[in-house]
Amino acid sequence: MLYIKNLSYHPPATPTPILSNISLELAPQQLGLVVGPSGSGKSTFLEMVSGLAERTSGEIGWGSQVLEAYELQYLAGLVFQFPERHFCGSNLLEELRLGHPELTSEQVKRALEEVGLDHLPLSTSPHDLSGGQQRRLALAVQLIRQPNILLLDEPTAGLDWSMRQQLAKLLAKLKQHWTLLVVTHDAGELLPIADQCWQIEQGQIRKV
Ligand SMILES: Nc1ncnc2c1ncn2[C@@H]1O[C@H](COP(=O)(O)OP(=O)(O)OP(=O)(O)O)[C@@H](O)[C@H]1O
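Residues numbered from 1 in each chain as written. Predicted model: local features only at pLDDT ≥ 70, side-chain atom pairs only at ≥ 80, totals over all residues.

As recorded by an unreviewed UniProt entry, the protein carries the name Energy-coupling factor ABC transporter ATP-binding protein and is attributed to Spirulina subsalsa FACHB-351. In the Sequence similarities (unreviewed entry) part of its UniProt record, the protein is described as follows: "Belongs to the ABC transporter superfamily." (UniProt positions renumbered as here; feature names shortened; annotations may be inferred.)

We now examine the pairing of strand 6 (residues 76-79). Residues Ala76 and Leu78 line one face of strand 6 and the alternating positions Gly77 and Val79 line the opposite face, and both faces are buried. Relative to strand 7 (residues 149-153), strand 6 runs parallel, the two sharing four bridges. For Gly77, the partnering residue across the bridge sits in strand 7 and is Leu150. (Buried ≥ 20, exposed ≤ 12 C-beta atoms within 10 Å, placed from the backbone. Helix = DSSP H or I, 4+ residues; strand = E, 2+ residues; numbered from the N terminus. Pairing = 2+ DSSP bridges.)

Close contact between helix 5 (residues 131-143) and helix 6 (residues 161-174) brings their axes to 9 Å; oriented N to C, the two are set at 25°. What the angle tells us is that helix 5 and helix 6 run roughly parallel. For the element pair helix 5 and helix 6, the recorded crossing hand is right-handed. Seen from helix 5, the contacting residues are Gly131, Gly132, Arg135 and Arg136; seen from helix 6, they are Met163, Gln166, Leu167 and Leu170. Grouping the constituent residues of the contact of helix 5 with helix 6 by class yields three nonpolar, three polar and two charged. (Axes fitted to C-alpha atoms, helices over the stretch in contact; angles between N-to-C directions. Parallel < 35°, antiparallel > 145°, perpendicular 65-115°, else oblique. Left-handed = near helix turned anticlockwise from the far one by under 90°. Contact = placed C-beta atoms within 7 Å. Nonpolar A, V, L, I, M, F, W, Y, C, P; charged D, E, K, R; others polar.)

Turning to the environment of Glu54, a few remarks are in order. You can see Glu54 is positioned in the loop between helix 1 (42-49) and strand 4 (57-62). Assessed through the 11 C-beta atoms surrounding it within 10 Å, Glu54 is described here as exposed.

Moving on to the confidence of the model for the protein. The pLDDT averaged across the protein works out to 95; a share of 100% of its residues lies at or above 70. This prediction of the complex comes with two scores: 0.95 for pTM and 0.95 for ipTM. (pLDDT = per-residue confidence, 0-100.)

Those residues of helix 4 (residues 105-114) that sit buried are Val108, Ala111 and Leu112. For helix 4, the buried positions fall inside an angular range of 100° around the axis, keeping them on one side. More than 90 degrees from the buried face of helix 4, the exposed residues found are Glu106 and Glu113. Buried residues in helix 4 make contact with helix 3 (92-97) and helix 5. With its phi angle positive at about 75°, Gly116 sits one or two positions after the end of helix 4. (Arc of directions from axis to C-beta.)

This is the structure we're talking about:
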């Protein structure tokens, strides 16, 4: 169970907090959806939960354990908005093994299977994939690290209708094994697969 209690983020440079007293709980194998307009604090929120940035106050925990930012980096796998812009491997095998040269071909194959890309040769360049396939690859890059929770920033942004549908279907499948926390400005296809939904506005969250 992921729990977040009174999480706030107030960098010294800003007159008001970016995130204020955010609290939520998300059970394993659930998909939590946080919906909010541009600038409401969604990406900042995921940066806190993924341990990429230090919170000002509050608790983030898994089970009964409160976790510090460096521990959250092991707990969570963050898929950035437009993750395809960050690909740097020259082929699928390289992309999936970046930073993890110990991963076996079997593990690589399993990760690709999970996201429905196992039919592609490992020598395929990530840049030759379709938009939807690139999003799937970005998910596999995180899943291969076996995180406890998968964090997704605007997973359907920039995809056409059919690719958004396919991605939502994939996330619904992944939810059978993983816990997912998704932030988006456009709930669209994601709403029907969400177990819990929150609205975020000006750094404050409320359950809907
Ligand atoms: N370290 C920081 N210092 C100052 N301002 C910050 C900092 N981090 C975030 N902000 C500001 O906080 C606000 C929320 O940003 P954030 O990127 O989290 O919003 P968002 O909901 O993800 O928006 P978008 O959907 O457009 O990406 C923005 O106005 C941003 O400039």
